[in-house]
Amino acid sequence: MGWASMVAVLLAATPTFVTRGDVTPESELRREAEAGWASLEAVYSAEAGGAPTKAPVSILLQRGAALSPERNAQGRPGLVELRQNTPGVLDERLRVALRHELAHQLLWWACPQSSEDRLFHEAFAVAVSGELPAWREGGYQSLSRAASELASSPAVDSTRARRALARLLSESVGFPKALSRRLRQCHDGARWVVPLSIDELAEVEVRAAGPATVVVSRHSGEVLLSEGEARRALPYGSVLKPFVYAAGVGHPVLAPRVDVQEWSCGPGLPAKVDARTALLRSCNGYFLDWEAAGSAPRAFGAWGPVLSALGLTGTPADMADMVGLRSTLSLSPWGLAQAYRLLAEARPDVLALLADNADRGTLAELPASKALSGVATKTGTVRDAASRPQYGWIAAVDEDLVVVAVRPGKMPRHFAEEIPAALARARKQAGVEAARVQVLGLVPSREVEARCPGVAFSVDGGVPRPSPGEWARLEALTTKGAAVCLGAPWRVRFPKGPEEGRDYAGVFSWSPPPAYRPPEGVPTSPSAMKARRGSDFVFRTTRLQYTAGVVAAEDVTLKGEPRVALARVVAHNERHSRHPGRAVCDTTHCQAFRGTVRVQRDDAKALGMPALKWKEWLLFSQGGEEPWKQERPRGEVERLLGRGLVSLRFEAGRVNYLLTERDGTATYEEGRSLPCELLRSGLKLPSCPRTASFNGSVLVFEGRGRGHGEGLDVEAAKASGLRSDAILEAAYGKKRPAPRDVDGE
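These numbers were taken from a predicted model, which means no experiment stands behind them.

Engineer: I'd like a description of the overall build of the chain, backed by residues and values.
Structural biologist: For the chain, the count of helices and strands is 28 helices and 28 strands. Each of the three principal axes of the chain carries a C-alpha extent, and together these read 105 × 80 × 50 Å. Split into buried and exposed, the 745 residues of the chain put 53% on the buried side. Contacts in the chain between residues at least 24 apart in sequence constitute 66% of all its contacts with a sequence separation of at least 6. Approximately 32,900 Å² of the chain is accessible, and the part contributed by carbon and sulfur atoms is 50%. Taking the average location of the 95 positive side-chain charges in the chain and that of its 85 negative ones, the two points are 2 Å from each other.

This is how it looks when you write it as structure tokens:
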């Protein structure tokens, strides 16, 4: 691209900077932002190999009203907040802070796949903002000390972390090569599965590995607990043998070879060893002889792409590489945990085999064995030339969690007791168990699309099949088995939904429901038929994520005890589905769910409280006293209630109405009555009306509040000032059984 063309592209890609007059002078601030943006984008284009092609959005520049003392600026996509100490003066401190925040804005725009990689974002911002010389003016800091400081700083934009980051960046002559590689990855549109590591940034191994533990949810994929450097790749020993086993077909039965070290895998080894015994005993000799027989999988077979996508540092040359007899390849604890999450989804039979490990495998006859009984576990040991343990690994999977622990210089049997403790600590977080919900039932299945910002796999007969990184039909991803997104939530979109889609942190599966037949004589609109039928897609996440998603969909402003009360009802209803034998649905027939959201403290508090005493579905609605008035065509009302409608009145949760009937030559009026909710939901009225009047070809309905008006009134709960127990007792203390075919909100 010629210089003139490059300038034209950069000018076209400059965002519109908007100011509010609270940072002055405004015109100079905008000029500074435009010049800074052009400089940043020139760096990006030079290092990434081209300029971004899409147009940026506008960026608001305003005064930061609540900046912490150590911050000169902060931002989020489309907004930069600045600290101006002297009105009308744009000093160098403010200009550097502006360039730093604009660097983040540029990455959010040009490289959205890196948005969760905090180290990459901060390293780029420090490298291009012009602040490096100021950081270098401090006292000397060794490279290893800087790496340790950075590793121990969870917030990489703190003063300590930035000073350490500047020290690592100073190792490079010119622009850091690690950032250049990652920027090219941005420009190529590649998926961002493995975050930037400290070693990668420093271009050198700068410290010995410390202990690391990571706990991941089997359901949502989120990291529930992380200690040490869980993203650092290390040699893995035997802990990947289950993937060799899973990739194999027709596992042989082999005779152990006497006096061969690799066959030394515990006393009492039988004369013939099958693959199951070899896996539990971790017999290296079995796997090597399996390869020699010519029938073993190569490079982990179908599981090779999974491990590679999760950060395996190369392709294994042979079985010795795969089972960790040579320490040539590495994988991080986080990557291994995600791989075991997918293994649990695709091959429950392998997990069932590994559940015997504490009884008759490498973790048997230990004080911790009883606590690990029934938990699928696999150990691995990395040894040096003198056969001393360099790293011990344990991977453990129960019904909800995946734990991976690495301990330098220890054999796995020497820290096995830490695994039940890690599981127990993770379970202190309320709501880690599974929740299942039928989703997107009102949208034709063929119109739902999904995209995985991490790496996606669809399970096909126990085999993981890589899924495309771009948008794809969710139906195609799930019809042969579960669809799992590793490293990020799914993004799901559909016509008339948000263009950018919604987050769904969990596992999708295909499960068409049986046909729905409405009760005889009950008017049911087409949308109500869809809602009551359920959905072809079942989504699994954690109960906490599900509950938070429903509460946000019902009332995103809800806080405190009213939010706790509603969250307790939502979690209760997930276990008392209105679809017998099926998961709860995501429409107002059950309770709205529009994907996973950021969990609030009140949501977690609610899930940690005792289960509710009622044993059936609990109704709730927005409630309130806000007046409303809406019109509906007479024909639409008569399609629900019957032709010849004469009058309507509402009382005690029912609609009482008269219809004109004819019998031969006689004409008379017949009174009828139905639950008011059937009318409200069929006409999509805010609540059950209080009055209805005829106005020519339309009916005018008037009422107050939102929802069906039964059970928990959310607006009343807000105004009550009561604790959640009292709110729930007032709503359900004299509870009657919920109507089976009434939509709930």
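Engineer: Could you give an account of the environment of Leu-240, with specific residues and numbers?
Structural biologist: Within the secondary structure, Leu-240 is located in the loop between strand S6 (223-227) and helix H10 (241-247). In this structure the C-alpha to C-alpha distance between Leu-240 and Glu-631, which are 391 residues apart in sequence, comes to 65 Å.

Engineer: Can you break down the sheet that holds strand S11 (residues 449-451) residue by residue, with the values?
Structural biologist: The strand order across the open sheet formed by four strands is S14-S11-S16-S17, and the pairing between neighbours is antiparallel. Lying at the two open borders of the sheet, with one neighbouring strand each, are strand S14 (472-473) and strand S17 (502-504). With three bridges joining them, strand S16 (residues 490-493) and S17 adopt antiparallel strand pairing. The residue bridging Val-492 from the neighbouring strand is Arg-502, located in S17.

Engineer: Hey, could you go over the packing of helix H6 (residues 143-151) against helix H7 (residues 159-169) for me, with residue numbers and the actual values?
Structural biologist: Relative to each other, H6 and H7 sit at 140°, their axes nearing to 8 Å. If you check the angle between H6 and H7, you find them oblique. Crossing of H6 against H7: the hand is left-handed. Contacts between H6 and H7 involve Leu-143, Ala-146, Ala-147, Glu-149 and Leu-150 on the former and, on the latter, Arg-160, Ala-161, Ala-164, Leu-165, Arg-167 and Leu-168. The residue inventory of the contact of H6 with H7, partitioned by class, reads eight nonpolar, no polar and three charged.

Engineer: An account of helix H2 (residues 26-48) is requested, with residue identities and associated values reported.
Structural biologist: For H2, spanning 23 residues, the distance from its first C-alpha to its last is 32 Å, which sits close to the expected 33 Å at 1.5 Å a residue. The set of residues buried in H2 consists of Leu-29, Glu-32, Ala-33, Gly-36, Trp-37, Leu-40, Glu-41, Tyr-44, Ser-45 and Ala-48. Looking one or two residues past H2, Gly-49 carries a phi angle of roughly 90°, positive in sign.

Engineer: Got a sec to walk through unusual backbone geometry? Specific residues and values, please.
Structural biologist: Residue Thr-24 is joined to Pro-25 through a cis peptide bond whose omega torsion reads -5°. In this structure, Pro-25 sits in the loop between strand S1 (17-19) and H2. Although it is not a glycine, Lys-496 adopts a positive phi angle of roughly 70°. Residue classification places Lys-496 among the exposed positions, given a relative accessible area of 89%.

Engineer: Before we move on, could you go through the pairing of strand S13 (residues 463-466) and cite the residues and values that matter?
Structural biologist: Each regular strand shows side chains that alternate between the opposite faces of the sheet. Looking at chain direction, strand S12 (residues 455-460) and S13 are connected through four bridges and run antiparallel. Bridge assignment links Val-459 to a residue of S13, and that residue is Pro-464.

Engineer: Hey, could you go over the sheet that holds strand S26 (residues 691-695) for me, with residue numbers and the actual values?
Structural biologist: Spatially, S22-S27-S26 is the arrangement adopted by the three strands of the open sheet, whose pairing is antiparallel. At either margin of the open sheet sits one strand with a lone partner, and together these are strand S22 (623-633) and S26. The average angle at which neighbouring strand axes cross in this sheet is 20°, direction not considered. Each of S22, S26 and strand S27 (698-706) touches helix H25 (residues 634-641); the most contacted strand, S22, lies at about 105° to it.

Rules behind the numbers
- Residues numbered from 1 in each chain as written.
- Predicted model: local features only at pLDDT ≥ 70, side-chain atom pairs only at ≥ 80, totals over all residues.
- Heavy atoms only, no water.
- Helix = DSSP H or I, 4+ residues; strand = E, 2+ residues; numbered from the N terminus.
- Buried < 20%, exposed > 50% of the residue type's maximum accessible area, 1.4 Å probe, protein only.
- Contact = heavy atoms within 4.5 Å.
- Areas by Shrake-Rupley, 256 points an atom, 1.4 Å probe, with all protein chains shown as cover.
- Lys, Arg positive; Asp, Glu negative; His and termini not counted.
- Charge placed at Lys NZ, Arg CZ, Asp CG, Glu CD.
- Pairing = 2+ DSSP bridges.
- Axes fitted to C-alpha atoms, helices over the stretch in contact; angles between N-to-C directions.
- Parallel < 35°, antiparallel > 145°, perpendicular 65-115°, else oblique.
- Left-handed = near helix turned anticlockwise from the far one by under 90°.
- Nonpolar A, V, L, I, M, F, W, Y, C, P; charged D, E, K, R; others polar.
- Expected span 1.5 Å × (residues − 1).

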